[in-house]
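These are the residues of each chain, in order.
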Amino acid sequence: VTLAQGSELTVDDSSLQVDGQLSVGARALPGFNTNFSAALFVNSGSAQVGSLAVGPGSNLVGVLTLSGGAVVATNLAIGNNGATNLGSGIGVASLNGATLSVGSLTLGSTAGGQGSLQINSNSVLTVRSNITIVSSSLTTTSAITISGGSLSPTNGLPQVGPTGAGLLTISGGTHVIRQLRLGGAGTNATGSFVISGGTLRLLG
């Protein structure tokens with residue numbers, strides 16, 4: 001399923017299943033003019049997706065808003081096309097009283113992609129494998145901002161800025177992380193972590 005610019009898919013009290021990839025943000029058809037981004041809204045009900053890509057198209061914007069319900073995906077890429085070295089799109093995602101469970105989570109790309117994820121109160125994000133926050137340079141930052149709820153990467157390793165600039169900010173909620181790695185070996189790598197509220201437990 002591909003949502004082009006100017007399109008919107010909303011899930012209300014329903015169940016959506018996509019066995020392959022669901023892409024939010026692609027080129028509109030020739031001759032179709034639009035002034036708003038492609039967007040997926042899950043207000044209630046559920047969505048089960050093989051691969052969820054938000055903002056995978058070059059120089060395009062994709063929006064994912066979960067305002068309730070539950071979403072399960074094999075992997076979630078915000079601001080790229082599913083690989084950390086490809087894609088230059090912009091992805092914007094937010095959780096508000098919702099549950100999101102993914103195998104892996106990637107924000108941004110080394111080719112110019114930029115991703116942002118906002119987690120608000122009464123939201124639960126479970127990542128069964130790795131979390132990676134990257135960008136193509138130190139002037140472009142991909143970020144996860146948490147004001148409430150819960151972040152739980154059960155088995156993986158969160159990496160903030162192994163390439164480019166990455167930011168993790170926590171101001172509320174309760175979170176358990178096994179390890180947290182900031183920055184990388186290269187000169188073009190900066191990882192930043194800010195905690196001003198909430199509770200964070202590091203296991204390793």
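Model, not experiment: these values are computed from the prediction.

Rules used in this analysis
Throughout this document, residue positions are counted from 1 along each chain, in the order its sequence is written. Whole-chain, interface and lining totals are the exception, using all residues; otherwise, since this is a predicted model, local features are given only for residues with pLDDT of at least 70 and side-chain atom pairs are given and counted only at 80 or more. In computing side-chain properties, one takes all heavy atoms of the structure into account and sets aside hydrogens as well as water. Helix and strand assignments follow DSSP, with helices taken as H or I runs no shorter than four residues and strands as E runs no shorter than two, numbered in order from the N terminus. Only protein chains enter the accessibility calculation, which uses a 1.4 Å probe. A residue is then buried if its area is under 20% of the maximum for its type, exposed if over 50%, and partly exposed in between. Residue contacts are defined here by distance: any two heavy atoms, one from each residue, within 4.5 Å place the two residues in contact. Method for areas: the Shrake-Rupley scheme with a 1.4 Å probe, in which residue coverage is limited to the protein chains shown. Only four residue types enter the charge count: Lys and Arg as positive, Asp and Glu as negative, with His and the chain ends excluded. By convention, the point assigned to a charge is CZ for Arg, NZ for Lys, CD for Glu and CG for Asp. Take the buried Ala, Val, Leu, Ile, Met, Phe, Trp, Tyr and Cys residues and link them wherever side-chain atoms come within 4.5 Å; each set so joined is a nonpolar core. Two strands are said to pair when DSSP picks up at least two bridges between them. Buriedness for pockets is judged along seven lines, at least five of which must meet protein on both sides within 12 Å for an open set on the 1 Å grid over protein atoms alone, while cavities are sets there where a 1.4 Å probe fits but cannot get out, and lining residues have an atom within 4 Å of a point. Grid points are joined across faces, edges and corners, and a volume is the space filled by probe spheres set on the points. Three classes are used: nonpolar for Ala, Val, Leu, Ile, Met, Phe, Trp, Tyr, Cys and Pro, charged for Asp, Glu, Lys and Arg, and polar for all others, with Gly counted as polar. Helix axes are fitted only over the stretch in contact, all axes being lines through C-alpha atoms; the angle between N-to-C directions runs from 0 to 180 degrees.

Student: Tell me about the overall build of the chain, and please be specific about residues and values.
Tutor: Helix and strand counts for the chain stand at zero helices and 20 strands. Dimensions of the chain, computed from C-alpha atoms along their principal axes, come out at roughly 50 × 40 × 25 Å. In the chain, which comprises 204 residues, the share counted as buried stands at 46%. Across the chain, the fraction of contacts at a sequence separation of at least 24, relative to all contacts at a separation of at least 6, is 78%. Summed over its atoms, the accessible surface of the chain is roughly 8600 Å², and 49% of this surface lies on carbon and sulfur atoms. When the 5 positive and 4 negative side-chain charges of the chain are each reduced to one mean point, those points stand 26 Å apart.

Student: Outline the nonpolar core, supporting the account with residue identities and numerical values.
Tutor: Core analysis: the biggest nonpolar cluster contains 38 residues, and Leu52, Leu105, Leu117, Leu125 and Ile144 have the highest contact counts within it. Discounting residues that sit within four places of it in the chain, Ile144 has contacts with Leu105, Leu107, Leu117, Ile119, Ile131, Ile133, Leu167, Leu168 and Thr169.

Student: Can you lay out the pairing of strand E11 (residues 124-127) for me, pointing to particular residues and giving the numbers?
Tutor: Burial along E11 is one-sided: the residues Leu125 and Val127 are buried and none of Val124 and Thr126 is. As paired strands, strand E9 (residues 99-107) and E11 are joined by four bridges and run parallel to one another. Within the sheet, the bridge partner assigned to Leu100 lies in E11 and is Leu125.

Student: I'd love a proper account of empty space enclosed by the protein, names of residues and values included.
Tutor: Inspection of the entire model under this criterion finds one cavity of 30 Å³ or more. Approximately 40 Å³ is the volume found for the largest cavity. Elements with a contribution of two residues or more to the lining of the largest cavity: strand E12 (131-133) and strand E15 (158-160). Partitioning the lining of the largest cavity into residue classes produces eight nonpolar, no polar and no charged.

Student: How would you sum up the sheet that holds strand E19 (residues 189-195)? Please name residues and give values.
Tutor: The eight strands are arranged E2-E4-E6-E8-E10-E13-E16-E19 in an open sheet whose pairing can be described as parallel. Taken across any chain shown, the strands that pair with only one partner, and hence form the sheet edges, are strand E2 (8-11) and E19. Pairs of neighbouring strands in the sheet enclose a mean axial angle of 5°, with direction left out of account. Sheet analysis places strand E4 (residues 38-42) next to strand E6 (residues 61-66), joined by five bridges and oriented parallel. Within the sheet, the bridge partner assigned to Val42 lies in E6 and is Leu66.

Student: I'd like a rundown of the side chain of Thr169, residues and numbers included.
Tutor: Assignment of secondary structure puts Thr169 in strand E16 (residues 164-170). Look past the residues within four positions of Thr169 in its chain and what remains in contact with it is Ile144, Thr145, Ile146 and Val194.

Student: Describe the environment of Thr106, with residues and values.
Tutor: By secondary structure assignment, the location of Thr106 is in strand E9. A relative accessible area of 14% means that Thr106 is categorised as buried.

Student: With reference to specific residues and values, describe the environment of Ala93.
Tutor: Here Ala93 is to be found in strand E8 (residues 90-95). Not counting the four nearest positions on each side in its chain, Ala93 is found in contact with Leu64, Ile78, Ser116, Leu117 and Gln118.

Student: Before we move on, can you summarise the pairing of strand E7 (residues 70-78) with the specific residues and values?
Tutor: Relative to E7, strand E5 (residues 45-54) runs parallel, the two being bridged by eight bridges. Residue pairing in the sheet places Gln48 in a bridge with Val72 of E7.

Student: How would you sum up unusual backbone geometry? Please name residues and give values.
Tutor: One non-glycine residue, Asn59, lies in positive phi territory at about 60°. Note that Asn59 resides in the loop between E5 and E6. The phi torsion at Asn122 lies on the positive side, around 65°, for a residue other than glycine. What makes Asn122 exposed here is its relative accessible area of 68%.

Student: An account of the side chain of Thr132 is requested, with residue identities and associated values reported.
Tutor: With respect to the helices and strands, the residue Thr132 is situated in strand E12. Its relative accessible area of 14% is what places Thr132 among the buried residues. With near-sequence residues (within four places) excluded, Thr132 lies in contact with Leu105, Thr106, Leu107, Gln159 and Pro162.

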